[in-house]
Amino acid sequence: MVPGSRYVCSTHATDDDSTNDREERILAVLGIIGTILNLLVTSNSGKEKLPFNRKRRGEERREEERRGEKRREEKRGEERRNITFNLLDFDNFNSDRVGEDFISFFTDKVLAIREKANQAIPTNGPSPDVLTVGTYRFSNEPLNSFTPIYFSEASSLIQKSKTTTCLLDPIPTHLLKDVLSLIGSSILDQINGSLVTGYIPRSYKVAVIKPLLTKPSLDPNVLANYRPISNLPFISKVLEKVVVTQLLEHLQRNSQFEMFQSGFRAHHSTEMALLSY
(Lines give C-alpha, C1' and ligand atoms only; values in the text may rest on other atoms or scores of the structure.)
Protein backbone atom coordinates (compact mmCIF):
# COMPACT_ATOMS: atom_id res chain seq x y z
CA MET A 1 0.00 0.00 0.00
CA VAL A 2 1.44 3.29 -0.98
CA PRO A 3 1.02 5.87 1.72
CA GLY A 4 -0.89 8.93 0.54
CA SER A 5 -2.15 7.29 -2.59
CA ARG A 6 -5.70 7.15 -1.26
CA TYR A 7 -5.44 10.79 -0.27
CA VAL A 8 -4.33 11.75 -3.71
CA CYS A 9 -7.22 9.84 -5.31
CA SER A 10 -9.65 11.32 -2.81
CA THR A 11 -8.37 14.79 -3.61
CA HIS A 12 -8.94 14.33 -7.32
CA ALA A 13 -12.48 13.01 -6.75
CA THR A 14 -13.34 16.01 -4.58
CA ASP A 15 -12.05 18.40 -7.24
CA ASP A 16 -14.17 16.68 -9.93
CA ASP A 17 -17.29 16.90 -7.78
CA SER A 18 -16.73 20.59 -7.12
CA THR A 19 -16.27 21.24 -10.84
CA ASN A 20 -19.49 19.40 -11.68
CA ASP A 21 -21.41 21.32 -9.03
CA ARG A 22 -20.14 24.64 -10.37
CA GLU A 23 -21.09 23.68 -13.92
CA GLU A 24 -24.56 22.64 -12.83
CA ARG A 25 -25.04 25.87 -10.93
CA ILE A 26 -23.83 27.89 -13.91
CA LEU A 27 -26.17 26.02 -16.22
CA ALA A 28 -29.06 26.55 -13.82
CA VAL A 29 -28.31 30.27 -13.62
CA LEU A 30 -28.05 30.49 -17.39
CA GLY A 31 -31.36 28.69 -17.70
CA ILE A 32 -33.04 31.15 -15.35
CA ILE A 33 -31.51 34.07 -17.24
CA GLY A 34 -32.71 32.61 -20.53
CA THR A 35 -36.21 32.19 -19.17
CA ILE A 36 -36.27 35.78 -17.95
CA LEU A 37 -34.99 37.03 -21.31
CA ASN A 38 -37.68 35.05 -23.15
CA LEU A 39 -40.34 36.53 -20.90
CA LEU A 40 -39.01 40.02 -21.51
CA VAL A 41 -38.89 39.50 -25.27
CA THR A 42 -42.40 38.06 -25.33
CA SER A 43 -43.74 40.90 -23.24
CA ASN A 44 -42.08 43.53 -25.40
CA SER A 45 -43.31 41.90 -28.60
CA GLY A 46 -46.85 41.84 -27.23
CA LYS A 47 -46.61 45.50 -26.33
CA GLU A 48 -45.37 46.25 -29.81
CA LYS A 49 -48.23 44.32 -31.46
CA LEU A 50 -50.98 45.79 -29.27
CA PRO A 51 -50.99 49.27 -30.85
CA PHE A 52 -50.87 47.63 -34.28
CA ASN A 53 -53.92 45.46 -33.51
CA ARG A 54 -55.79 48.43 -32.08
CA LYS A 55 -54.94 50.47 -35.14
CA ARG A 56 -56.11 47.71 -37.46
CA ARG A 57 -59.40 47.33 -35.55
CA GLY A 58 -59.90 51.08 -35.75
CA GLU A 59 -59.37 51.04 -39.50
CA GLU A 60 -61.82 48.16 -39.92
CA ARG A 61 -64.42 49.98 -37.83
CA ARG A 62 -64.00 53.17 -39.86
CA GLU A 63 -64.28 51.17 -43.09
CA GLU A 64 -67.51 49.56 -41.88
CA GLU A 65 -68.87 52.99 -40.96
CA ARG A 66 -67.97 54.29 -44.43
CA ARG A 67 -69.78 51.35 -46.07
CA GLY A 68 -72.83 51.92 -43.87
CA GLU A 69 -72.89 55.62 -44.71
CA LYS A 70 -72.59 54.77 -48.40
CA ARG A 71 -75.59 52.42 -48.16
CA ARG A 72 -77.62 55.06 -46.35
CA GLU A 73 -76.67 57.66 -48.95
CA GLU A 74 -77.73 55.32 -51.76
CA LYS A 75 -81.09 54.78 -50.03
CA ARG A 76 -81.59 58.54 -49.61
CA GLY A 77 -80.65 59.03 -53.26
CA GLU A 78 -83.24 56.47 -54.32
CA GLU A 79 -85.90 58.24 -52.26
CA ARG A 80 -84.90 61.58 -53.79
CA ARG A 81 -85.07 60.10 -57.30
CA ASN A 82 -88.51 58.70 -56.54
CA ILE A 83 -89.72 62.13 -55.42
CA THR A 84 -88.08 63.72 -58.46
CA PHE A 85 -89.89 61.31 -60.77
CA ASN A 86 -93.19 62.26 -59.18
CA LEU A 87 -92.44 65.95 -59.63
CA LEU A 88 -91.42 65.39 -63.25
CA ASP A 89 -94.63 63.49 -63.81
CA PHE A 90 -96.69 66.39 -62.55
CA ASP A 91 -94.77 68.73 -64.83
CA ASN A 92 -95.39 66.52 -67.87
CA PHE A 93 -99.17 66.47 -67.38
CA ASN A 94 -101.53 69.35 -67.75
CA SER A 95 -101.72 70.80 -64.24
CA ASP A 96 -105.52 71.07 -64.42
CA ARG A 97 -105.96 67.39 -65.26
CA VAL A 98 -103.34 65.63 -63.12
CA GLY A 99 -105.67 64.92 -60.21
CA GLU A 100 -108.57 63.92 -62.46
CA ASP A 101 -106.36 61.53 -64.44
CA PHE A 102 -105.17 59.76 -61.33
CA ILE A 103 -108.66 59.62 -59.78
CA SER A 104 -110.17 58.15 -62.95
CA PHE A 105 -107.40 55.58 -63.29
CA PHE A 106 -107.53 54.38 -59.65
CA THR A 107 -111.36 54.39 -59.63
CA ASP A 108 -111.48 52.21 -62.72
CA LYS A 109 -108.92 49.90 -61.18
CA VAL A 110 -110.99 49.47 -58.00
CA LEU A 111 -114.17 48.85 -60.01
CA ALA A 112 -112.39 46.17 -62.05
CA ILE A 113 -111.19 44.43 -58.86
CA ARG A 114 -114.73 44.48 -57.42
CA GLU A 115 -116.15 43.05 -60.62
CA LYS A 116 -113.70 40.15 -60.54
CA ALA A 117 -114.50 39.52 -56.87
CA ASN A 118 -118.24 39.46 -57.56
CA GLN A 119 -117.75 36.97 -60.36
CA ALA A 120 -115.74 34.67 -58.07
CA ILE A 121 -118.51 34.52 -55.42
CA PRO A 122 -121.04 31.72 -56.10
CA THR A 123 -124.63 32.92 -56.42
CA ASN A 124 -126.41 29.61 -55.76
CA GLY A 125 -125.82 26.40 -53.86
CA PRO A 126 -126.58 24.76 -50.52
CA SER A 127 -126.91 27.04 -47.51
CA PRO A 128 -126.93 24.87 -44.36
CA ASP A 129 -126.36 26.30 -40.91
CA VAL A 130 -122.71 25.28 -41.08
CA LEU A 131 -120.96 24.85 -44.43
CA THR A 132 -117.46 23.39 -44.64
CA VAL A 133 -115.48 24.05 -47.82
CA GLY A 134 -111.96 22.68 -47.88
CA THR A 135 -110.28 23.73 -44.66
CA TYR A 136 -112.56 26.76 -44.21
CA ARG A 137 -115.46 26.63 -41.78
CA PHE A 138 -118.34 29.05 -42.20
CA SER A 139 -120.83 29.46 -39.38
CA ASN A 140 -124.05 31.38 -39.18
CA GLU A 141 -123.19 32.61 -35.68
CA PRO A 142 -123.13 36.37 -36.25
CA LEU A 143 -121.09 39.14 -34.73
CA ASN A 144 -124.08 41.25 -33.79
CA SER A 145 -122.27 44.28 -32.41
CA PHE A 146 -118.98 45.63 -31.22
CA THR A 147 -118.22 46.31 -27.58
CA PRO A 148 -117.44 49.83 -26.30
CA ILE A 149 -113.96 50.21 -24.89
CA TYR A 150 -112.57 51.93 -21.82
CA PHE A 151 -110.39 55.02 -21.86
CA SER A 152 -107.35 52.99 -20.76
CA GLU A 153 -107.60 50.80 -23.87
CA ALA A 154 -108.05 53.78 -26.18
CA SER A 155 -105.18 55.62 -24.53
CA SER A 156 -102.90 52.59 -24.89
CA LEU A 157 -103.73 52.24 -28.60
CA ILE A 158 -103.13 55.93 -29.25
CA GLN A 159 -99.82 56.08 -27.40
CA LYS A 160 -98.53 52.93 -29.12
CA SER A 161 -99.50 54.16 -32.60
CA LYS A 162 -96.95 55.73 -34.90
CA THR A 163 -96.70 59.51 -34.72
CA THR A 164 -97.80 60.06 -38.31
CA THR A 165 -100.05 62.96 -39.22
CA CYS A 166 -102.52 63.23 -42.10
CA LEU A 167 -103.26 66.53 -43.81
CA LEU A 168 -106.87 66.04 -42.71
CA ASP A 169 -106.02 65.83 -39.00
CA PRO A 170 -107.07 68.93 -37.06
CA ILE A 171 -103.90 68.81 -34.94
CA PRO A 172 -100.56 66.98 -35.31
CA THR A 173 -100.49 63.50 -33.81
CA HIS A 174 -97.62 64.24 -31.44
CA LEU A 175 -99.59 67.16 -30.00
CA LEU A 176 -102.69 64.97 -29.66
CA LYS A 177 -100.66 62.48 -27.61
CA ASP A 178 -99.39 65.26 -25.37
CA VAL A 179 -102.89 66.59 -24.58
CA LEU A 180 -104.66 63.22 -24.60
CA SER A 181 -105.57 63.50 -20.92
CA LEU A 182 -107.51 66.69 -21.71
CA ILE A 183 -109.34 65.66 -24.91
CA GLY A 184 -109.34 61.87 -24.47
CA SER A 185 -112.96 61.70 -23.33
CA SER A 186 -114.17 63.34 -26.57
CA ILE A 187 -112.13 60.91 -28.67
CA LEU A 188 -113.46 57.98 -26.64
CA ASP A 189 -117.05 59.13 -27.21
CA GLN A 190 -116.46 59.21 -30.97
CA ILE A 191 -114.94 55.73 -31.03
CA ASN A 192 -117.61 54.15 -28.80
CA GLY A 193 -120.39 55.93 -30.67
CA SER A 194 -119.18 54.40 -33.91
CA LEU A 195 -118.87 50.93 -32.32
CA VAL A 196 -122.38 51.00 -30.81
CA THR A 197 -124.20 52.39 -33.85
CA GLY A 198 -122.15 50.57 -36.47
CA TYR A 199 -121.70 53.85 -38.30
CA ILE A 200 -118.35 55.24 -39.45
CA PRO A 201 -118.30 59.03 -39.80
CA ARG A 202 -117.80 60.20 -43.34
CA SER A 203 -114.74 62.21 -42.33
CA TYR A 204 -113.09 58.96 -41.16
CA LYS A 205 -113.41 57.48 -44.66
CA VAL A 206 -111.78 60.36 -46.53
CA ALA A 207 -108.10 59.81 -47.30
CA VAL A 208 -105.29 61.79 -48.87
CA ILE A 209 -104.10 59.77 -51.88
CA LYS A 210 -100.48 60.07 -52.98
CA PRO A 211 -99.50 58.40 -56.29
CA LEU A 212 -96.11 56.71 -55.90
CA LEU A 213 -94.01 55.06 -58.58
CA THR A 214 -93.59 51.37 -57.87
CA LYS A 215 -89.98 51.59 -59.11
CA PRO A 216 -87.88 54.71 -59.77
CA SER A 217 -86.76 53.30 -63.13
CA LEU A 218 -90.31 53.13 -64.55
CA ASP A 219 -91.78 55.65 -66.96
CA PRO A 220 -93.49 58.39 -64.90
CA ASN A 221 -95.84 59.18 -67.79
CA VAL A 222 -97.61 55.79 -67.50
CA LEU A 223 -100.32 55.81 -64.83
CA ALA A 224 -100.17 52.02 -64.48
CA ASN A 225 -96.66 52.40 -63.03
CA TYR A 226 -98.09 54.11 -59.94
CA ARG A 227 -99.67 52.71 -56.81
CA PRO A 228 -101.92 54.78 -54.54
CA ILE A 229 -100.79 55.48 -50.99
CA SER A 230 -103.78 56.32 -48.76
CA ASN A 231 -103.23 58.44 -45.67
CA LEU A 232 -106.28 58.32 -43.39
CA PRO A 233 -107.00 60.56 -40.39
CA PHE A 234 -105.30 59.37 -37.23
CA ILE A 235 -108.47 58.70 -35.19
CA SER A 236 -109.95 56.57 -38.00
CA LYS A 237 -106.89 54.32 -37.80
CA VAL A 238 -107.38 54.00 -34.03
CA LEU A 239 -111.00 52.98 -34.62
CA GLU A 240 -109.83 50.47 -37.22
CA LYS A 241 -107.46 48.85 -34.70
CA VAL A 242 -110.28 48.53 -32.15
CA VAL A 243 -112.55 46.85 -34.71
CA VAL A 244 -109.79 44.50 -35.91
CA THR A 245 -109.00 43.44 -32.34
CA GLN A 246 -112.61 42.53 -31.56
CA LEU A 247 -113.12 40.86 -34.94
CA LEU A 248 -110.06 38.64 -34.47
CA GLU A 249 -111.24 37.69 -30.99
CA HIS A 250 -114.62 36.64 -32.46
CA LEU A 251 -112.97 34.55 -35.19
CA GLN A 252 -110.64 32.90 -32.71
CA ARG A 253 -113.43 32.19 -30.22
CA ASN A 254 -115.61 30.55 -32.87
CA SER A 255 -112.77 28.64 -34.60
CA GLN A 256 -113.41 30.41 -37.90
CA PHE A 257 -109.78 30.88 -38.93
CA GLU A 258 -108.52 28.83 -41.84
CA MET A 259 -106.84 25.73 -40.43
CA PHE A 260 -103.39 26.40 -41.91
CA GLN A 261 -103.43 30.20 -41.80
CA SER A 262 -100.34 31.72 -40.20
CA GLY A 263 -100.25 35.13 -41.88
CA PHE A 264 -101.78 38.11 -40.08
CA ARG A 265 -102.28 36.08 -36.90
CA ALA A 266 -100.63 36.70 -33.55
CA HIS A 267 -98.21 34.03 -32.29
CA HIS A 268 -98.10 32.34 -35.72
CA SER A 269 -95.14 32.20 -38.08
CA THR A 270 -93.88 30.52 -41.24
CA GLU A 271 -92.21 27.86 -39.08
CA MET A 272 -95.58 26.93 -37.61
CA ALA A 273 -97.07 26.76 -41.12
CA LEU A 274 -94.37 24.28 -42.17
CA LEU A 275 -94.82 22.14 -39.05
CA SER A 276 -98.60 21.94 -39.53
CA TYR A 277 -98.24 20.07 -42.85
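What you see is a predicted model; the values in this text were computed from it and never measured.

J.: How would you explain the overall build of the protein if you had to name every residue and give the values?
T.: Counting secondary structure elements, the protein contains 7 helices and 4 strands. Of the regular secondary structure in the protein, the N- to C-terminal order runs α-α-β-β-α-α-α-β-β-α-α. Counting over 277 residues, the protein shows a buried share of 19%. Once local pairs closer than 6 in sequence are excluded, the contacts in the protein between residues at least 24 apart make up 58%.

J.: Now, about a nonpolar patch on the surface: what can you tell me, with residues and values included?
T.: Taken together, the side chains of Ile26, Leu27, Val29, Leu30, Ile33 and Leu37 present a nonpolar region at the surface, about 570 Å² in accessible area. On the secondary structure map, Leu30 appears in helix H1 (residues 5–92).

J.: Kindly report on the pattern of salt bridges, identifying the contributing residues and their values.
T.: By the definition in use, this model includes 4 salt bridges. Its salt-bridge partner being Glu63, residue Arg67 comes within 3.7 Å of it at the nearest N-O pair. Within this pair, Arg67 and its partner Glu63 are both found in helix H1, separated by 4 residues, close to a single helical turn. Residue class for Glu63 comes out partly exposed when judged on its relative accessible area of 32%. Its salt-bridge partner being Arg67, residue Glu64 comes within 2.6 Å of it at the nearest N-O pair. With a gap of 3 residues between them, Glu64 and Arg67 both fall in helix H1, about one helical turn apart. Three or more residues joined by partner-sharing salt bridges are found here, namely Glu63, Glu64, Arg66, Arg67 and Arg71.

J.: Residue-level account of the packing of helix H5 (residues 180–197) against helix H6 (residues 234–253), with values.
T.: For the pair H5 and H6, interaxial distance at closest approach is 11 Å and the crossing angle is 45 degrees. Judged on the interaxial angle alone, H6 and H5 are oblique. You can see that H5 and H6 cross each other, and the crossing is right-handed. Note on element contacts: H6 touches H5 through Ile235, Val238, Leu239, Val242, Val243 and Gln246, opposite Ile187, Ile191, Ser194 and Leu195. Of the residues that constitute the contact of H5 with H6, the class distribution is 8 nonpolar, 2 polar and no charged.

J.: Run through the nonpolar core, naming residues and quoting values.
T.: By size, the foremost hydrophobic cluster in this structure holds 15 residues, and its most contacted members are Ile149, Ile158, Leu176, Ile187 and Ile191. With near-sequence residues (within four places) excluded, Ile191 lies in contact with Ile149, Val238, Leu239 and Val242. Grouped together as the second largest cluster of nonpolar side chains are 6 residues, Val98, Phe102, Leu213 and Tyr226 included.

J.: Describe a positive patch on the surface, listing the residues and the values that go with them.
T.: Taken together, the side chains of Arg56, Arg57, Arg61 and Arg62 present a region of like positive charge at the surface. Position of Arg62 among the secondary structure elements: in helix H1.

So, how was this worked out
Residues numbered from 1 in each chain as written. Predicted model: local features only at pLDDT ≥ 70, side-chain atom pairs only at ≥ 80, totals over all residues. Heavy atoms only, no water. Helix = DSSP H or I, 4+ residues; strand = E, 2+ residues; numbered from the N terminus. Buried < 20%, exposed > 50% of the residue type's maximum accessible area, 1.4 Å probe, protein only. Contact = heavy atoms within 4.5 Å. Patch = residues over 30% accessible without salt bridge, like charges linked within 9 Å, V, L, I, M, F, W, Y side chains within 5 Å. Areas by Shrake-Rupley, 256 points an atom, 1.4 Å probe, with all protein chains shown as cover. Salt bridge = Lys/Arg side-chain N within 4 Å of Asp/Glu carboxyl O. Axes fitted to C-alpha atoms, helices over the stretch in contact; angles between N-to-C directions. Parallel < 35°, antiparallel > 145°, perpendicular 65-115°, else oblique. Left-handed = near helix turned anticlockwise from the far one by under 90°. Nonpolar A, V, L, I, M, F, W, Y, C, P; charged D, E, K, R; others polar. Core = buried A, V, L, I, M, F, W, Y, C linked by side-chain atoms within 4.5 Å. Lys, Arg positive; Asp, Glu negative; His and termini not counted. Charge placed at Lys NZ, Arg CZ, Asp CG, Glu CD.

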